[in-house]
Amino acid sequence: MTFVVTENCIKCKFTDCVDVCPVDCFHEGPNFLVIDPEECIDCSLCEPECPAEAIFSAEELPDGQEIFASLNEELAKLWPSIAEVRDALPDADDWKNKPNKLELLER
Ligand code: SF4
Ligand code: F3S
């Protein structure tokens, strides 16, 4: 089992999640973070830290967010690891909770 970053992270990238992960299993893309399912130890520490409430257990993904399990797995192999908190993206507060952001995902 693993935790999964879902759609609401896109164009926000607050990175609070990175600060608490004991195994540094987050990977960073241009406007989204993902969790490497092979590194995640399922500790759940990151879930309550995300201001956008974008992190869920893979077993409790909200309806419509199922695709993010495979996206996290795929992109974690391509993107570099991130272990330190960075500034959120500009306008992150405006993009928080906006629907249909998947098409804005940059690779
Ligand atoms: Fe890291 Fe724990 Fe979150 Fe997995 S559940 S990404 S190990 S903080
Ligand atoms: Fe994204 Fe939330 Fe982390 S917006 S970068 S999953 S704190």
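Refer to the preceding data block for the structure.
A few points on the structure. Residue numbers run consecutively from 1 along every chain, following the written order of its sequence. Here chains are named by letter from A upward and ligands by number from 1 upward, in the order in which they appear as written. Note on the predicted model: pLDDT of at least 70 is required for a residue's local features to be given, and 80 or more for side-chain atom pairs to be given and counted; whole-chain, interface and lining totals, by contrast, use all residues. Based on all heavy atoms of the structure, the side-chain values leave hydrogens and waters out of the count.

Residues enter a nonpolar core if they are buried and are Ala, Val, Leu, Ile, Met, Phe, Trp, Tyr or Cys, with the set joined through side-chain atoms within 4.5 Å. Relative accessibility thresholds used throughout: buried, under 20% of the residue-type maximum; exposed, over 50%; partly exposed, between the two (1.4 Å probe, protein chains only). One finds Phe26, Phe32, Ile35 and Ile55 to be the most contacted residues of the largest nonpolar core, which totals 31 residues. For the purposes of this entry, the term helix denotes a DSSP run of H or I that reaches at least four residues, the term strand denotes a run of E that reaches at least two, and both are numbered from the N terminus. Breaking this core down by element, the ones donating at least two residues are β1 (3–5), α1 (16–20), β3 (33–35) and α2 (67–78). Considering every element that reaches this core, the biggest residue donor is α2, with four residues. When near neighbours in sequence (up to four residues on either side) are disregarded, isoleucine 55 contacts Phe3, Val4, Val5, Cys17, Phe26, Ile35, Cys46, Glu47 and Cys50. Contacts were defined at the residue level, with two residues in contact if any of their heavy atoms lie within 4.5 Å.

Okay, the environment of threonine 6 next. Along the polypeptide, threonine 6 turns up in the loop between β1 and α1. When its relative accessible area of 2% is taken as the criterion, threonine 6 is described as buried. Here threonine 6 is in contact with Phe32, Ala54, Phe56, Leu61, Gln65 and Phe68, once residues within four sequence places are set aside.

Our focus in this paragraph is a negative patch on the surface. Residues enter patches when their relative accessible area tops 30% and they take part in no salt bridge; the joining distance is 9 Å for like charges and 5 Å for the nonpolar side chains Val, Leu, Ile, Met, Phe, Trp and Tyr. Residue-level accessible areas treat just the shown protein chains as cover; the underlying method is Shrake-Rupley with a 1.4 Å probe. In what follows, salt bridge is the name for a side-chain nitrogen of Lys or Arg lying within 4 Å of a carboxyl oxygen of Asp or Glu. Under the counting rule used here, the positive set is Lys and Arg, the negative set is Asp and Glu, and His together with the chain ends is not counted. For this purpose, a charge sits on NZ of Lys, CZ of Arg, CG of Asp or CD of Glu. Taken together, the side chains of Asp24, Glu38, Glu39 and Glu73 define an acidic patch exposed on the protein surface. Looking at the secondary structure, you find glutamate 73 in helix α2.

Turning next to the environment of glycine 29. You can see glycine 29 is positioned in the loop between β2 (26–28) and β3. The exposure class of glycine 29 is buried, given its relative accessible area of 7%. When the C-alpha positions of glycine 29 and alanine 76 are compared, they lie 9.0 Å apart, and in sequence the two are 47 residues distant.

Nearness of a residue to a molecule or strand requires only that one of the residue's heavy atoms be within 4 Å of it. Every residue lining ligand 1 is accounted for by Phe3, Cys21, Pro22, Val23, Cys25, Phe26, Ile35, Cys40, Ile41, Cys43, Ser44 and Cys46. Here the residues of the shell around ligand 1 are counted per class, giving 11 nonpolar, one polar and no charged. Only Asp, Glu, Lys and Arg are considered charged, only Ala, Val, Leu, Ile, Met, Phe, Trp, Tyr, Cys and Pro nonpolar, and every remaining residue, Gly among them, polar.

Taken together, Val5, Cys9, Lys13, Phe14, Thr15, Asp16, Cys17, Leu33, Cys50, Pro51 and Ile55 make up all the residues around ligand 2. Taken together, the residues of the shell around ligand 2 break down into eight nonpolar, one polar and two charged.

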